[in-house]
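Read off the chains here:
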Amino acid sequence: MKFGVVIFPGSNCDRDCVHVAQTVSGNKVESLWHKETSLPRLDCLIIPGGFSYGDYLRPGAIAHFSPIMPEVKAFAERGGLVLGICNGFQILVETGLLPGALMRNVSLKFICDRVTLEIENNKLPFTCRYPAHSLVSMPIAHMEGNYFADSETLKRIEDNNQVVFRYHGDNPNGSLHSIAGVCNEKGNVLGMMPHPERVAETLLGGQDGRLLFESII
Amino acid sequence: MKVKAYITLKEGVLDPQGKAVEHALLSLGFQGVSGVRVGKYITFDIQVRSEAQARDQVEKMCQKLLANTTIESYQFEIIQS
Amino acid sequence: MKVKAYITLKEGVLDPQGKAVEHALLSLGFQGVSGVRVGKYITFDIQVRSEAQARDQVEKMCQKLLANTTIESYQFEIIQS
Amino acid sequence: MKITAEIVKEHGLSPEEYQHILKILGREPTFVELGIFSVMWSEHCSYKSSRIHLKKFPTKGPQVLCEPGENAGIVDIGDGLAIVFKMESHNHPSFIEPYQGAATGVGGILRDIFTMGARPIALLDSLRFGHPDHPKTRYLLHGVVAGIAGYGNCMGIPTVGGEVYFDESYNGNILVNAMCVGLVEKDKIFLATAKGEGNPVFYVGSKTGRDGIHGATMASDVFDDSSESKRPTVQVGDPFTEKLLMEACLELMSSDDVVGIQDMGAAGLTCSTLEMGDKGNVGIDLDLDKVPCREEGMTPYELMLSESQERMLFVAKKDSEKRIHKIFEKWDLDVAVVGRVVKGETVRVFHQGECVAQVPTKPIAQEAPQHDRPMRQPAYLKKTENFSLQGIPLPKSYGEVLKRLLGSPNLASKHWVWRQYDHQVGTDTVVLPGSDAAVMRLKGTQKGIAVTTDCNSRYCYLDPRWGGILAVAEAARNIVCSGGRPLAVTDCLNFGNPEDPEIMWQFKEAVEGIAEGCRIFGTPVVSGNVSFYNETKGQAIYPTPTIGMIGVLDDIKTHTTQWFKASGDIIVLLGETYEEWGGSEYLKLIHNRVAGKPPSINFQRELAVQKTCLQAITGGWLHSAHDCSEGGLAVALAESCISRDEGVLGAEIRLENSLRQDILLFGESASRILVSLSEKHLPELQKVARIHDCPFEVLGVVSSGRLQVNSLIDEETKGLREIWMTAFERKVV
Ligand SMILES: Nc1ncnc2c1ncn2[C@@H]1O[C@H](COP(=O)(O)OP(=O)(O)O)[C@@H](O)[C@H]1O
Ligand SMILES: [Mg+2]
């Protein structure tokens with residue numbers, strides 16, 4: 001299993017993702033600078049968290065136009081696995097690879113905390129190791145995680161099982177239907193606000209995120 | 001030419017920031033305030049041959065970058081200088 | 001009455017956001033763009049007796065809350081509806 | 001321009017200082033030169049009032065790789081690794097514009113760390129605001145916390161610890177101290193030294209604007225009503241550019257093209273050029289026409305004094321220009337060769353072909369005025385010391401007092417603050433905010449580090465010398481409670497106007513106290529910062545010498561947290577409670593008195609307590625360890641019951657002690673650590689305590705839902721947690 005991690009100017013969870021993907025897969029992980037215009041052979045691309053382009057204008061808005069993005073889109077169209085975490089999710093939404101938008105948290109504050117998630121769809125390559133509807137605990141850390149989609153889109157993704165994670169109990173940011181993560185129609189592109197890479201070791205408070213990476217391989 | 005673009009959340013999209021500002025205004029004692037919405041005001045200069053061309057360019061900028069049309073709408077003005 | 005307020009960074013104050021947007025527009029191929037500044041566009045309704053009173057109120061709102069006058073300046077319009 | 005007495009005064013230079021300038025130059029300075037002297041000799045840059053006292057700090061030790069004098073201090077932690085750390089204040093800018101002031105404070109301290117080649121791994125923030133009900137407090141709190149979050153989060157450096165206190169002495173002058181900790185390979189450390197005749201001097205980062213001109217002198221000014229007019233000096237931070245700058249500089253420093261590197265902080269281009277020249281015993285020719293500018297028509301004076309953020313200066317080897325351009329092009333950063341290293345010890349500044357300044361580096365950097373300012377014991381001390389508890393009634397309900405203490409914004413949980421900070425990015429934070437000290441693992445090793453900031457400024461007000469000692473002791477205890485071995489200290493000394501002899505006395509006493517504490521605990525001071533003139537309209541803040549401390553865990557697995565883990569565990573107090581109540585939160589909150597003497601410390605006992613605790617932790621016997629500080633034993637017990645997020649526990653406690661019961665419960669005797677462990681390890685703990693001659697008392701057992709102390713306190717811990725978790729938001733947000 002070969003992972004690549006895309007680094008935009010302002011990405012800051014890239015090293016964390018590389019660390020986890022490397023530990024779990026046992027293979028060297030490719031770090032891909034956003035100015036690259038071709039991809040090496042890969043099975044899964046991770047778009048990491050952070051503040052690409054400082055989150056200026058809107059999170060993900062400017063990264064959308066980085067030279068590597070057409071390659072990322074082509075990769076996704078070919079069926080390659082794309083995982084966007086936090087800012088990565090925001091970028092995927094801006095590029096249209098995932099439906100909806102991520103707006104400012106209702107509290108208008110950055111929230112760094114731990115949340116409980118319910119696995120809504122465990123049939124995906126990203127979640128197949130989670131028991132159906134299991135509850136897991138993961139950290140979040142974001143200012144814009146408030147998921148929005150118009151009612152039509154919302155209905156479509158709900159009907160189509162594209163809601164992959166939902167906040168269980170407290171909804172930390174005001175997301176519609178407590179949505180914490182969604183995938184595309186084909187199920188090969190996943191975006192999520194919580195950070196699975198931050199709970200992949202017992203020393204850091206759990207293994208709940210490691211399962212996601214283990215599902216992939 | 002000078003461009004002024006206004007990016008606002010679409011009607012029907014909740015605006016927590018607007019709500020917070022409204023709340024703050026009311027609690028500061030400014031009565032009779034309602035429907036506060038907070039958007040973006042982007043200004044810049046553009047060097048093009050004609051206003052029509054400017055219009056065309058700015059329209060594209062808004063579509064592509066300045067607004068996220070899933071949630072935002074936009075308007076702009078072009079001022080000859 | 002309808003109020004439209006425009007909050008902008010004062011001249012000379014660094015606008016990192018404007019800088020990033022300008023850079024993005026240029027690299028998207030929109031040539032001839034310069035001096036991008038990103039500010040806020042705040043709209044709301046206000047119920048007062050006269051335009052003069054509205055003016056007075058909004059001036060105070062800008063001073064007190066809407067603008068951070070340390071680094072921002074503001075302008076506004078009042079539209080009779 | 002003719003230099004008049006008026007202009008000299010406006011530059012904050014005294015007539016004597018001006019005479020000294022004339023002597024150094026042998027002529028009248030140009031306007032640019034006057035500006036250069038003015039910022040270099042400002043209190044902020046020259047430490048002119050503090051230097052003779054700072055010499056008293058112990059700064060050496062086998063672990064010290066870099067003492068004060070460089071951008072940050074460096075200590076060796078073995079495995080070829082070193083920790084780089086420093087704390088700095090941004091008090092005045094944060095009072096004027098809380099968001100940007102705090103944000104640029106974080107930006108500045110980050111540059112101090114990565115300029116030495118280290119990757120920042122943690123931030124801490126030590127904050128002081130005015131009374132919760134003061135009209136500006138909320139606004140300032142919101143702005144400062146959001147500013148720190150805005151900058152630190154965007155940079156991807158976790159903010160893992162800090163402090164927040166409220167007291168009316170900060171009504172007109174808040175404190176914003178930020179600390180940064182970085183990690184570097186021992187043999188890859190960079191210094192701010194210019195060397196090698198003909199080597200190019202590079203400028204990299206943001207373009208220069210008219211930001212914060214005279215920021216350094218502002219930090220050395222007392223506030224008055226006209227501070228409003230100083231507002232244009234506020235700088236706006238751009239954490240995105242700083243992130244690029246950091247990555248680019250770290251990439252640059254992994255080559256061997258760099259000779260010396262220095263960030264542009266206070267006094268911008270002036271300070272960085274002069275210091276690098278001074279340290280390398282060389283001169284520098286600077287060409288201002290090459291400096292990337294954001295605004296048009298900037299004068300040489302403005303260019304030299306601008307404090308635009310996110311800029312660095314470095315000297316590189318001669319043939320490296322192409323490679324260097326390539327790196328910064330990758331990161332989309334402005335880079336320009338703005339000068340050359342030359343023979344001699346003179347910095348010459350050129351602008352449009354003209355030499356606008358020509359100044360010798362050594363005398364400016366080293367002959368800055370040094371004052372041995374007059375000192376006098378403050379008059380208020382007579383009053384505060386002559387106070388006895390006699391007239392103070394015992395509380396009717398100890399449970400009520402405990403609840404009020406837990407509900408005071410000073411003692412309540414600060415999660416409202418740290419929830420806004422990304423404290424986990426980097427996947428190294430093992431103990432998150434909310435325990436005594438934060439613990440970071442160091443990937444690729446077995447090791448970890450513990451970090452904390454501490455200062456009880458009420459103690460410092462009542463006795464600055466003991467306040468200083470107590471701050472160091474508390475920091476060390478916090479490190480030990482988390483499983484760390486105290487290693488070294490940085491400080492940020494926040495005081496009022498040094499020209500006031502009473503303030504100067506406070507300063508001297510505090511410095512000597514810290515020096516003594518650091519000697520006792522074997523933690524040399526390796527970096528720090530002095531912030532004077534923290535007062536408004538003659539009203540000085542409490543003396544606040546914040547201590548930042550680093551400790552090492554040889555095995556990260558032995559890290560420990562403050563909360564009880566399992567009912568049935570035995571609760572033990574290491575240390576003893578004495579008849580000490582001076583300066584306590586109890587006295588202030590319940591009886592509205594700031595009086596008495598702060599608790600004393602018997603060094604032998606303090607060391608015994610710390611050694612016993614640490615040995616028990618490394619032995620793997622302890623389930624929790626918590627320092628008793630503000631609010632005393634009762635609050636420490638309550639916190640151990642309620643600070644665990646996974647659900648509260650309780651405790652059944654029997655105290656055998658003949659002290660006044662309010663002192664017994666809420667007195668703040670130092671040198672006490674509350675630990676819990678399973679019964680089977682009790683004999684081992686007892687044995688270690690005996691070896692170290694550490695006072696040891698079994699207080700009771702961990703239970704499930706209630707905190708019961710003798711017949712004095714019997715409260716449901718769920719309710720206590722509710723109060724403690726919500727008080728901050730209820731009272732100050
Ligand atoms: N401004 C802050 N930023 C981050 N963490 C904070 C801040 N203020 C307090 N904390 C955290 O809250 C906990 C309690 O702080 P404090 O009351 O100062 O503890 P102690 O008395 O043990 O020194 C610590 O983990 C501390 O790091
Ligand atoms: Mg403390």
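As the structure is a computational prediction, the values presented were derived from the model and not from experiment.

(A) Here's a closer look at the pattern of salt bridges. Residues and elements named next belong to chain D. According to the stated counting rule, one finds 67 salt bridges over all chains in the structure shown. A salt bridge links Asp-278 to Lys-362, with the nearest nitrogen and oxygen atoms 3.1 Å apart. Pair noted here: Asp-278 is in helix 11 (residues 268-280) and Lys-362 is in helix 14 (residues 361-366), with a separation of 84 residues, a long-range link. Overall, the relative accessible area of 18% leaves Lys-362 in the buried class. Arg-323 is the partner of Asp-319 in a salt bridge, and the nearest nitrogen-oxygen pair spans 3.9 Å. Judged by its relative accessible area of 44%, Arg-323 is partly exposed. Here the residues in one salt-bridge network are Lys-56, Arg-465, Lys-508, Glu-509 and Glu-512, joined through shared partners.

(B) Inspection of the interface of chain A and chain C at higher detail. Between chain A and chain C, the residue contacts involve four residues of the former and six residues of the latter. Across the chain A to chain C interface the summed buried area is about 530 Å²; carbon plus sulfur atoms make up 85%. Three residues stand out in chain A for area buried against chain C, namely Tyr-56, Leu-57 and Ile-62 of chain A, and they jointly supply 74% of the buried area on that side. Our count for the contact surface shared by chain A and chain C stands at zero salt bridges. The interface formed by chain A and chain C holds one residue pair in polar contact (both at pLDDT 80 or more) in total.

(C) Spatial organisation of the sheet that holds strand 16 (residues 448-454) of chain D. Residues and elements named next belong to chain D. Spatially, 14-15-16-21-17-18 is the arrangement adopted by the six strands of the open sheet, whose pairing is mixed. One side of each edge strand has no neighbouring strand; the edge strands of this open sheet are strand 14 (429-431) and strand 18 (525-531). In this sheet, neighbouring strand axes are inclined to one another by 25 degrees on average, regardless of whether the strands run parallel or antiparallel. Two elements, strand 17 (residues 485-494) and strand 18, share six bridges in a ladder whose sense is parallel. Among the inter-strand pairings, Asp-491 is bridged to a residue of strand 18, identified as Gly-528. Most of the contacts of helix 19 (residues 464-481) go to strand 21 (residues 544-553), to which it runs at about 30 degrees, and overall it touches strand 16, strand 17 and strand 21.

(D) Layout of the site of ligand 1. All names here are of chain D. Around ligand 1 sit 18 residues in total, of which Asp-125, Gly-434, Ser-435, Asp-436 and Asp-454 are the nearest. One of the side-chain N or O atoms of Asp-125 is found 2.6 Å from a nitrogen atom in ligand 1. Note that an oxygen atom of ligand 1 is positioned 3.2 Å from one of the side-chain N or O atoms of Asn-478. Across the complex, the protein chains shield 90% of the 560 Å² of accessible surface that ligand 1 would expose by itself. Listing elements by their share of the shell around ligand 1, those giving two or more residues are strand 5 (159-166), helix 17 (415-418) and helix 19. The greatest single-element share of the shell around ligand 1, amounting to four residues, is contributed by strand 5. Here the residues of the shell around ligand 1 sort into five nonpolar, six polar and seven charged.

(E) Fine view of the sheet that holds strand 11 (residues 334-342) of chain D. All names here are of chain D. The strand order 8-10-7-11-9-12-13 describes an open sheet built from seven strands, whose pairing is mixed. Two strands bound the open sheet, and with one partner strand each, they are strand 8 (258-263) and strand 13 (354-360). Strand-to-strand twist of the sheet, defined as the mean angle between neighbouring strand axes without regard to direction, takes the value 25 degrees. Here strand 9 (residues 283-287) runs beside strand 11; their pairing, made up of four bridges, is antiparallel. Each bridged residue has a counterpart across the sheet, and for Leu-286 the counterpart in strand 11 is Gly-339.

(F) Broad picture of the packing of aromatic side chains. Scanning the entire structure with this criterion turns up 24 aromatic pairs over all chains. Through a chain of ring-to-ring contacts, the aromatic side chains of Tyr-6 and Tyr-41 of chain B together with Tyr-6 and Tyr-41 of chain C assemble into a single cluster. Between the NZ or CZ atom of Lys-136 of chain D and the centre of the ring of Phe-95 of chain D, over which it lies, the distance is 4.6 Å.

(G) Inspection of the interface of chain C and chain B at higher detail. Between chain C and chain B, the contact holds 30 residues from the first and 31 residues from the second. Taken together, the two surfaces of chain C and chain B that pack against each other cover about 2,600 Å², and 68% of this comes from carbon and sulfur. Interface area lost by chain C to chain B is led by Phe-30, Tyr-41 and Leu-65 of chain C, which between them contribute 22%. Remark: the boundary between chain C and chain B carries zero salt bridges. Our count for the chain C to chain B interface comes out at eight residue pairs in polar contact (both at pLDDT 80 or more). Take the side of chain C that touches chain B: its biggest share by element is 14 residues, from strand 2 (residues 33-46) of chain C. Looking at the side of chain C that touches chain B residue by residue, the classes come out as 16 nonpolar, nine polar and five charged.

(H) Here's a closer look at helix 10 (residues 239-253) of chain D. An ideal rise of 1.5 Å per residue puts 21 Å on 15 residues; helix 10 of chain D measures up with 20 Å between its terminal C-alpha atoms. Of all the 15 residues making up helix 10 of chain D, 14 are buried; the element is thus mostly covered by neighbouring parts of the structure.

(I) Looking closely at the relation of the copies chain C and chain B. If you rotate chain C by 180 degrees and push it 0.0 Å along the axis, it lands on chain B with an RMSD of 0.2 Å. Taken together, the rotation and translation relating the two chain copies correspond to the operation of a two-fold axis. If distances are taken from each C-alpha of chain C to the rotation axis, the shortest is found for Lys-40 of chain C, at 2.2 Å. With an isologous cut-off of 70% or more, the 100% of interface residues of chain C that recur at the interface of chain B puts this contact in the isologous class.

(J) The state of the cysteines, seen in detail. Evaluation of the coordinates by the stated rule reveals zero disulfides over all chains. The cysteine Cys-86 of chain A is free of any disulfide, with Cys-13 of chain A supplying the nearest cysteine sulfur at 6.5 Å. What makes Cys-86 of chain A buried here is its relative accessible area of 5%. Of all cysteine sulfurs in the structure, the one in Cys-455 of chain D sits closest to Cys-518 of chain D, which takes part in no disulfide; the separation is 13 Å.

(K) Fine view of helix 1 (residues 14-25) of chain A. Residue and element names in this part refer to chain A. With twelve residues, helix 1 should reach 16 Å at 1.5 Å per residue; the first-to-last C-alpha distance of 16 Å fits that figure. Every buried residue belonging to helix 1 is among Asp-14, Asp-16, Cys-17, Val-18, Val-20, Ala-21, Val-24 and Ser-25, and all of these are buried. In this structure, the buried residues of helix 1 make contact with strand 1 (3-7), strand 2 (30-33), strand 3 (44-47), strand 4 (81-85) and helix 5 (210-216). At the exit of helix 1 stands Gly-26, carrying a positive phi of roughly 75 degrees.

Cut-offs applied
Residues numbered from 1 in each chain as written. Chains lettered and ligands numbered in written order. Predicted model: local features only at pLDDT ≥ 70, side-chain atom pairs only at ≥ 80, totals over all residues. Heavy atoms only, no water. Salt bridge = Lys/Arg side-chain N within 4 Å of Asp/Glu carboxyl O. Helix = DSSP H or I, 4+ residues; strand = E, 2+ residues; numbered from the N terminus. Buried < 20%, exposed > 50% of the residue type's maximum accessible area, 1.4 Å probe, protein only. Contact = heavy atoms within 4.5 Å. Buried area = accessible area lost by both parts, 1.4 Å probe. Polar contact = N/O pair within 3.5 Å; in protein donor to acceptor, adjacent residues only side chain to side chain. Pairing = 2+ DSSP bridges. Axes fitted to C-alpha atoms, helices over the stretch in contact; angles between N-to-C directions. Near = heavy atom within 4 Å. Areas by Shrake-Rupley, 256 points an atom, 1.4 Å probe, with all protein chains shown as cover. Nonpolar A, V, L, I, M, F, W, Y, C, P; charged D, E, K, R; others polar. Phe/Tyr/Trp six-rings, centres within 6.5 Å; stacked < 30°, edge-to-face > 60°. Lys NZ or Arg CZ within 6 Å of the ring centre and 35° of its normal. Expected span 1.5 Å × (residues − 1). Least-squares fit on C-alpha atoms with pLDDT ≥ 70 in both. Disulfide = S-S within 2.5 Å.

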